Amino acid sequence: GDSVTQMEGPVTLSEEAFLTINCTYTATGYPSLFWYVQYPGEGLQLLLKATKADDKGSNKGFEATYRKETTSFHLEKGSVQVSDSAVYFCALNTFNDMRFGAGTRLTVKP
Amino acid sequence: SQTIHQWPATLVQPVGSPLSLECTVEGTSNPNLYWYRQAAGRGLQLLFYSVGIGQISSEVPQNLSASRPQDRQFILSSKKLLLSDSGFYLCAWSPGHGGTEAFFGQGTRLTVV
């Protein structure tokens with residue numbers, strides 16, 4: 001079945017460092033891809049999305065490009081802030097089925 | 001606009017007691033509905049999803065069941081809770097045409113003691 005594999009955490013960075021969280025997927029169809037963020041004790045919030053190959057999703061300085069040739073959707077940010085500390089989930093949706101990766105905990109230190 | 005409500009926010013239940021968590025969606029019709037569980041420090045496990053009233057797909061055999069008595073209502077139940085049922089339960093919905101993002105409730109923290 002469809003699945004998502006994302007980089008294991010935790011990831012600890014200093015403020016203003018560059019962030020990459022890797023995500024690869026396996027899907028039989030043509031999925032839409034997403035990154036979600038979860039702050040402590042809360043539900044998940046959509047961070048960005050891409051619905052077809054070569055699309056770039058972006059939001060709040062985060063970016064991810066839908067790479068069909070490498071089946072990847074890596075999350076990047078050029079300069080992280082303390083407020084970016086959270087758990088990040090990569091996800092895909094084909095037809096009516098939402099699948100998530102295991103999540104990557106990011107901690108940004110001042 | 002669409003909103004999703006999930007309650008209660010926290011719940012402490014003894015082993016062997018029943019469970020009922022409720023989720024409702026407003027502002028849309030015929031949504032896809034999902035129940036996920038997140039164990040401490042772990043990822044999201046899809047438990048059930050539903051594409052319509054009375055249509056429930058179960059992802060894993062377990063002590064839980066789900067029902068969808070109305071179009072925008074999704075209920076997670078158990079007849080007898082186990083310690084291993086503890087976790088953070090999340091309800092979500094997505095538009096019923098596939099390939100789109102899901103929108104999450106605030107979650108229920110269940111502790112079985």
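S.K.: Sorry, what's going on with the interface of chain A and chain B here?
M.R.: Interface size is commonly expressed as the accessible surface area that is lost when the partners come together. With 20 residues of chain A at the interface, the matching set in chain B holds 23 residues. Across the interface of chain A and chain B, roughly 1,600 Å² is buried in total on both sides, 49% from carbon and sulfur atoms. In this assembly, chain A and chain B are joined by 2 salt bridges. Note that B:E59 and A:R99 form a salt bridge whose closest N and O atoms lie 2.8 Å from each other. For the interface between chain A and chain B, the tally reads 7 residue pairs in polar contact (both at pLDDT 80 or more). Residues belonging to the side of chain A that touches chain B are distributed by class as follows: 9 nonpolar, 7 polar and 4 charged.

S.K.: Whenever I open this one, the state of the cysteines confuses me. Can you help?
M.R.: Cysteine pairs can be linked by a disulfide, which is a covalent bond between their two sulfur atoms. Applying the stated rule across the entire model yields 2 disulfides over all chains. Covalent S-S linkage joins A:C23 and A:C90, the inter-sulfur distance amounting to 1.9 Å. With the S-S bond torsion at -70 degrees, the cross-link from A:C23 to A:C90 turns out left-handed. Of this pair, A:C23 sits in strand β4 (residues 23-26) while A:C90 sits in strand β10 (residues 86-94), and the two are 67 residues apart along the sequence. The buried category is assigned to A:C23, whose relative accessible area is 1%. Paired through a disulfide, B:C23 and B:C91 show a sulfur-sulfur distance of 2.0 Å. Taking the sign of the torsion about the S-S bond as the criterion, the disulfide between B:C23 and B:C91, at about -80 degrees, is left-handed. Here B:C91 lies in strand β9 (residues 87-94) and B:C23 lies in strand β3 (residues 19-26), a separation of 68 residues in the sequence. The same class applies to B:C23 and to B:C91, which are both buried.

S.K.: What exactly am I supposed to notice about the pattern of salt bridges here?
M.R.: Where charged atoms from two side chains of opposite charge approach closely, those side chains can pair. A complete count under the given rule lists 7 salt bridges over all chains for this structure. A salt bridge links A:D84 to A:K77, with the shortest nitrogen-to-oxygen separation between them at 2.7 Å. Side by side, A:D84 and A:K77 carry an identical accessibility label, which is buried. Notably, a salt bridge pairs B:R37 with B:D85, separated by 3.7 Å at the nearest N-O pair. In this pair, B:R37 sits in strand β4 (residues 32-38) while B:D85 sits in the loop between β8 (73-78) and β9, placing the two residues 48 residues apart along the sequence.

S.K.: Would you take a moment to explain the packing of aromatic side chains for this structure?
M.R.: Each aromatic ring pair is characterised by the separation of its centres together with the angle its planes make. All names here are of chain A. Tallied over the full model, the rule gives 13 aromatic pairs over all chains. Each ring, one from Y36 and one from F100, has its centre 5.4 Å from the other, and the planes form 55 degrees; the classification is tilted. Taken together, the positions of Y36 in strand β5 (residues 32-38) and F100 in strand β11 (residues 97-100) put the pair 64 residues apart, joining distant regions of the chain. Exposure remark for Y36: the relative accessible area of 0% places this residue in the buried category.

S.K.: Can you help me understand the pairing of strand β1 (residues 3-6) of chain A in this one?
M.R.: Along a regular strand, successive side chains alternate from one face of the sheet to the other. All names here are of chain A. The two faces of β1 differ: V4 and Q6 on one face are buried, but S3 and T5 on the other face are not. Pairing analysis gives 4 bridges linking β1 to β4, with the strands arranged antiparallel. Paired with T5 across the bridge in β4 is T24.

S.K.: Teacher, can you tell me more about the nonpolar core here?
M.R.: Note on soluble globular proteins: their nonpolar side chains tend to be buried together. With 25 residues, the main nonpolar core has A:W35, A:L48, A:F73, A:L75 and A:Y88 as its most contacted residues. Contributing elements (two or more residues each) for this core: β2 (11-14), β3 (19-21), β4, β5, β6 (44-50), β8 (62-65), β10 and β12 (104-109) of chain A. Ranked by the residues each element gives to this core, the list is headed by β10(A), at 4 residues. If you look at the next biggest cluster of nonpolar residues, it comprises 20 residues, including B:V25, B:L33, B:L76 and B:C91.

S.K.: Whenever I open this one, the pairing of β10(A) confuses me. Can you help?
M.R.: Residue and element names in this part refer to chain A. With 9 of 9 residues buried, β10 lies mostly within the body of the structure. Burial along β10 is two-sided: A86, Y88, C90, L92 and T94 and V87, F89, A91 and N93, pointing in opposite directions, are all buried. The pairing of β5 with β10 spans 7 bridges and is classified as antiparallel. The residue of β10 that forms the bridge with Q38 is V87.

Cut-offs and rules
- Residues numbered from 1 in each chain as written.
- Chains lettered and ligands numbered in written order.
- Predicted model: local features only at pLDDT ≥ 70, side-chain atom pairs only at ≥ 80, totals over all residues.
- Heavy atoms only, no water.
- Contact = heavy atoms within 4.5 Å.
- Buried area = accessible area lost by both parts, 1.4 Å probe.
- Salt bridge = Lys/Arg side-chain N within 4 Å of Asp/Glu carboxyl O.
- Polar contact = N/O pair within 3.5 Å; in protein donor to acceptor, adjacent residues only side chain to side chain.
- Nonpolar A, V, L, I, M, F, W, Y, C, P; charged D, E, K, R; others polar.
- Disulfide = S-S within 2.5 Å.
- Helix = DSSP H or I, 4+ residues; strand = E, 2+ residues; numbered from the N terminus.
- Buried < 20%, exposed > 50% of the residue type's maximum accessible area, 1.4 Å probe, protein only.
- Phe/Tyr/Trp six-rings, centres within 6.5 Å; stacked < 30°, edge-to-face > 60°.
- Pairing = 2+ DSSP bridges.
- Core = buried A, V, L, I, M, F, W, Y, C linked by side-chain atoms within 4.5 Å.

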